[in-house]
Amino acid sequence: MQFPRDENDVRRAPADEEQPTRSRGDAAERREGRQRGCSQAESQQQIAVAIVEHDGRFLVGVRPPGRPLAGLSEFPGGKVLAGESVAEAAVRECREETGLTIAVGAPLSIVEHNYPHGRLALHFFRCTLLDANRPVPAAPFRWLDPHELAQLEFPEANRAIIRELLRQSAAPGKLER
């Protein structure tokens, strides 16, 4: 899946697709990090994001007050902990934030983005609900129809994923899995 770049991020395809491209600004930042003695892994926080789809709807919440990007819409997800895979982090974060258990499916993309609060690598995964008989998430998460995604304000790093989900949902029954 290819995404256009903006000045703050670099979009990457999953590892089994073509190699990522990086902007010249990212290369300069990596050189600066090396000059300061920081590795890229140390300066970039890995974030797992679960794009959970159930009955044609997506699981979306709102970032809480007092946190970076407060008030913006979000998919379940968060920081990858030491010793945890990115997919494991997506499952854990979704369970912690929503109370729902998911299965992680195909990786959708990796987006590297520079926010004022830090440099992030967001790993987006297509996910499904494991217990479809209990699909009620904890607040502030709720199920939204694809067209509702366009009416919400998401963080910049999510915008290309939102556009792709909207594009895919424009043709009924065509959401890629």
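Model, not experiment: these values are computed from the prediction.

A. Highlighting the overall build of the chain. Secondary structure assignment for the chain yields five helices and eight strands. Written out in order from the N terminus, the α and β elements of the chain read β-α-α-β-β-β-β-α-β-β-β-α-α. Burial status across the chain gives 42% buried among its 177 residues. A sequence separation of at least 24 residues applies to 64% of the contacts in the chain between residues at least 6 apart.

B. Quick look at the packing of aromatic side chains. In this structure the tally under the stated criterion is one aromatic pair. Between Phe 75 and Phe 154, the ring centres sit 5.2 Å apart and the planes meet at 25°, which makes this aromatic pair stacked. Here the residue Phe 75 occupies a position in the loop between β4 (73-74) and β5 (77-79), and Phe 154 occupies one in the loop between α4 (146-149) and α5 (159-169), the gap between them amounting to 79 residues. Note on Phe 154: relative accessible area 3%, which makes it buried.

C. Geometry of the environment of Asn 114. Of note, Asn 114 is situated in strand β6 (residues 102-115). Residue Asn 114 is classed as partly exposed on the basis of its relative accessible area, which comes to 22%. Considering only alpha carbons, one finds Asn 114 and Glu 156, 42 residues apart in sequence, at a separation of 9.7 Å. Polar contacts involving the side chain of Asn 114 include one to the side chain of Arg 119, which spans 3.5 Å.

D. Representation of the environment of Glu 148 in the model. In this fold, Glu 148 is placed in helix α4. Assessed through its relative accessible area of 22%, Glu 148 is described here as partly exposed. Glu 148 sits 91 residues away from Arg 57 along the chain, and the two C-alpha atoms are 9.5 Å apart. A polar contact is formed between the side chain of Glu 148 and the backbone nitrogen of Asp 145, at a distance of 2.6 Å.

E. Structural view of the nonpolar core. If you look at the biggest cluster of nonpolar residues, it comprises 19 residues, and the most contacted ones within it are Ile 51, Phe 75 and Phe 124. For this core, the secondary-structure elements that each account for two or more residues are β2 (44-54), β3 (57-62), β6, β7 (118-129) and α5. Here Phe 124 is in contact with Val 49, Ile 51, Pro 107, Leu 108, Ser 109, Val 111, Ala 157, Asn 158 and Ile 161, once residues within four sequence places are set aside. Formed by 16 residues, the second largest nonpolar core is a distinct cluster that contains Val 52, Ile 102, Leu 129 and Phe 141.

F. View of the pairing of β3. One ladder, built from two bridges, connects β2 with β3; its direction is antiparallel. Bridging across to β3, Glu 53 finds its partner in Phe 58. Following β2, the chain reverses through two residues before pairing antiparallel with β3; Asp 55 in that reversal takes a positive phi of roughly 50°. Where β3 and strand β8 (residues 142-144) come together, three bridges link them in antiparallel fashion. Its bridge partner lying in β8, Phe 58 is registered against Leu 144. As paired elements, β3 and β4 share two bridges and run antiparallel to each other. Looking at β4, one finds that Val 62 is bridged to Ser 73.

G. How the structure looks around the pattern of salt bridges. Under the criterion given, the structure shown has seven salt bridges. With a shortest N-O distance of 2.8 Å, Arg 63 and Glu 74 are connected by a salt bridge. With Arg 63 in the loop between β3 and β4 and Glu 74 in strand β4, this pair connects stretches of sequence that are eleven residues apart. The two residues Arg 63 and Glu 74 agree in class, both being buried. When the shortest N-O distance is used, the salt bridge between Arg 119 and Glu 112 registers 4.0 Å. No difference in accessibility class separates Arg 119 from Glu 112, as the two residues are buried. The network of salt bridges with shared partners includes Glu 84, Arg 92, Glu 93 and Glu 96.

Each value, and the rule that gives it
Residues numbered from 1 in each chain as written. Predicted model: local features only at pLDDT ≥ 70, side-chain atom pairs only at ≥ 80, totals over all residues. Heavy atoms only, no water. Helix = DSSP H or I, 4+ residues; strand = E, 2+ residues; numbered from the N terminus. Buried < 20%, exposed > 50% of the residue type's maximum accessible area, 1.4 Å probe, protein only. Contact = heavy atoms within 4.5 Å. Phe/Tyr/Trp six-rings, centres within 6.5 Å; stacked < 30°, edge-to-face > 60°. Polar contact = N/O pair within 3.5 Å; in protein donor to acceptor, adjacent residues only side chain to side chain. Core = buried A, V, L, I, M, F, W, Y, C linked by side-chain atoms within 4.5 Å. Pairing = 2+ DSSP bridges. Salt bridge = Lys/Arg side-chain N within 4 Å of Asp/Glu carboxyl O.

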